[in-house]
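Listed below are the residues making up each chain.
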Amino acid sequence: MAGKQLPSSSLARARAASPRGLLAAAALLLLLLLAASYSLLLSPSSPGGLASPSSGPGSAADTAFLASLDRFLASPRRSAPPAAAPGDLDAAIRAEEEERLYGGGAWPAAPAPLRVYVYEMPSRFTYDLLRLFRDSYRETSNLTSNGSPVHRLVEQHSIDYWLWADLIAPESQRLLKNVIRVRRQEEADIFYVPFFTTISYFLLEKQECKALYREALKWVTDQPAWQRSEGRDHVIPVHHPWSFKSVRRFVKKAIWLLPDMDSTGNWYKPGQVYLEKDVILPYVPNVDLCDSKCVSETQSRRSTLLFFRGRLRRNAGGKIRSKLVTELKDAEGIIIEEGTAGADGKAAAQNGMRKSLFCLNPAGDTPSSARLFDAIVSGCIPVIVSDELELPFEGILDYRKIALFVSSNDAVQPGWLVKYLRSIDAKRIRQMQSNLLKYSRHFLYSSPARPLGPEDLTWRMIAGKLVNIKLHIRRSQRVVRESRSICSVPNPVMIETLYSDCMTPNVKEQDVL
């Protein structure tokens, strides 16, 4: 937005000719300095200020995936290639860590920025896939088997774009200070693999996608840093439950960025995903943010008790949906309706959520769905009916302040859910609505990434795992292979899967894989 026009030079000279003009000019200058100081204080980059989700960097244009992607692809390549790995990477890393430990006495007692090395992968794994998405975005005939536009699904799971775009941006343009990109591998705490697994799954032919997966796998596992740690300190975005599926077993020790975890085995094999190593990230919301002004304007219009719009029948754990539909379809004050794709479907869902006190969030084919985050940014209190759900950043955020958790058994009992919701007093509802407005910033991806946004919380969660990651890297390096014929642990299969410290005699890991 353009600033106010300054006075012309002739007008300024005329005012300076009189004492009154001098006083007026001085007063104006003082006001300008005060305004500038106040603006700086509220700036998102200032340590003392907090950025509003609806203003500054990350406003509507910055949080729109396609608009941000267009700007990203139009800008020059972000940096020169980083330095190659040292000949003895493990020795270089040990030297770097000892310097940090003994040099200044600040590590690990004092918090320090997480240092991330970003691989410079060939363009076919990165920029080419982003261009494929952008250039084919307008096609509407490319649908999934259940009728959902694949581009919309890619946007929902576009966490790999938001994280990578922020990491490789010039440091002067970044707002996050708790994570930095390093150019030398021996300086890195974590290695980021910028492969767009979801775009390739949805927009490439099946065999072409599998071939690209195999190429990416070989490229990554050939890296010295991967071979040193067997991938334990590598971050791989696999945010759609179908993405990277054909080669997952070869990267099971890496840190996966996931939408949820499914203990039934429908989406992830036993031992592939677990909270000790992986991080749950929110979907990108389908609807627009209902900011403080919107919340104020819609407060008196929230006349619907409970709202749900989406697929009424799903597979696996999502079968609870059809039972809930049967139970709730005729209840007063409740709207349950089949979802539709496209702009009309988005508008209907958004309007419905903004007119409702509570939004039903049952399990889908997987335990979670984007609808939970649609409800949060709409100011509609989520009612979560998903017994297997894992939530993003739960080590940092307390979801009890913004959502109600209901067991599947209780939810399908005749009349139980309606009675329960009507028993929630108005004071608690207002408090939860206020918390939703405060929490919404944690689920809005943006460019540049903002403090306390999902990108920021992702790195905070990974930083919390760092000591444990180093522990298991070092254990794997000093344990003698094939030396344990009998494992004295409660669950030897799980331990072997996680850390490969317990191997079947005479069977090497590469033979298993």
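The sections below set out a description of the structure shown in this document. The structure displayed is predicted, hence computed values, not measured ones. (Residues numbered from 1 in each chain as written. Predicted model: local features only at pLDDT ≥ 70, side-chain atom pairs only at ≥ 80, totals over all residues. Heavy atoms only, no water.)

**Some remarks on the sheet that holds strand β7 (residues 304-310)**
Hydrogen bonds between backbone atoms are what pair the strands of a sheet, whose relative direction is either parallel or antiparallel.
Step number 1: Strand order in this open sheet of 5 strands is β8-β7-β9-β10-β11, and the pairing throughout is parallel. Each edge of the open sheet is held by one strand with a lone partner, namely β8 (334-338) and β11 (404-405).
Step number 2: Two strands pair when backbone bridges link them, and β7 and β8 are joined in this way by 5 bridges, in the parallel orientation. Paired with Gly 310 across the two strands is Glu 338, which belongs to β8. (Pairing = 2+ DSSP bridges. Helix = DSSP H or I, 4+ residues; strand = E, 2+ residues; numbered from the N terminus.)

**Describing the pairing of strand β4 (residues 234-237)**
Step number 1: Across the two faces of β4 the burial is the same, with His 234 and Ile 236 and Val 235 and Pro 237 all buried.
Step number 2: In the sheet, strand β3 (residues 190-192) pairs with β4 via 2 bridges, with the strands oriented parallel. Of the residues in β4, the one forming a bridge with Tyr 192 is Val 235.
Step number 3: Bridge count between β4 and strand β5 (residues 255-258): 3 bridges; the pairing is parallel. Counted as the bridge partner of Ile 236 is Trp 256 from β5. (Buried < 20%, exposed > 50% of the residue type's maximum accessible area, 1.4 Å probe, protein only.)

**Observations regarding the pattern of salt bridges**
Two side chains with opposite charge may pair up if their charged atoms get near one another.
Step number 1: For the coordinates displayed, the defined rule picks out 19 salt bridges.
Step number 2: A salt bridge links Lys 218 to Asp 222; the shortest N-O distance between them is 2.7 Å.
Step number 3: The class of Lys 218 is exposed, set by a relative accessible area of 53%.
Step number 4: Overall, the relative accessible area of 40% leaves Asp 222 in the partly exposed class.
Step number 5: Two residues, Arg 460 and Asp 456, come together in a salt bridge whose shortest N-O distance is 3.1 Å. Of the two residues, Arg 460 and Asp 456 are both situated in helix α18 (residues 454-464); the distance of 4 residues between them amounts to about one turn of the helix.
Step number 6: When its relative accessible area of 41% is taken as the criterion, Arg 460 is described as partly exposed. (Salt bridge = Lys/Arg side-chain N within 4 Å of Asp/Glu carboxyl O.)

**Thoughts on the packing of helix α3 (residues 65-74) against helix α5 (residues 127-135)**
Step number 1: Contact pair α3 / α5: the axes reach a minimum separation of 11 Å and the direction vectors enclose 130 degrees. Relative to α5, the element α3 is oriented oblique. Helix-helix and strand crossings are classified by hand; for α3 and α5 the assignment is left-handed. Contacts between α3 and α5 involve Phe 65, Leu 66, Leu 69, Asp 70, Phe 72 and Leu 73 on the former and, on the latter, Tyr 127, Leu 130, Arg 131, Phe 133 and Arg 134.
Step number 2: Within the contact of α3 with α5, the residues separate by chemical class into 8 nonpolar, no polar and 3 charged. (Axes fitted to C-alpha atoms, helices over the stretch in contact; angles between N-to-C directions. Parallel < 35°, antiparallel > 145°, perpendicular 65-115°, else oblique. Left-handed = near helix turned anticlockwise from the far one by under 90°. Contact = heavy atoms within 4.5 Å. Nonpolar A, V, L, I, M, F, W, Y, C, P; charged D, E, K, R; others polar.)

**Focus: the pairing of β7**
Step number 1: Of all 7 residues in β7, 7 are buried, a share of seventy percent or more.
Step number 2: Pairing geometry for β7 and strand β9 (residues 356-362), over 3 bridges, is parallel. Each bridged residue has a counterpart across the sheet, and for Phe 307 the counterpart in β9 is Cys 359.

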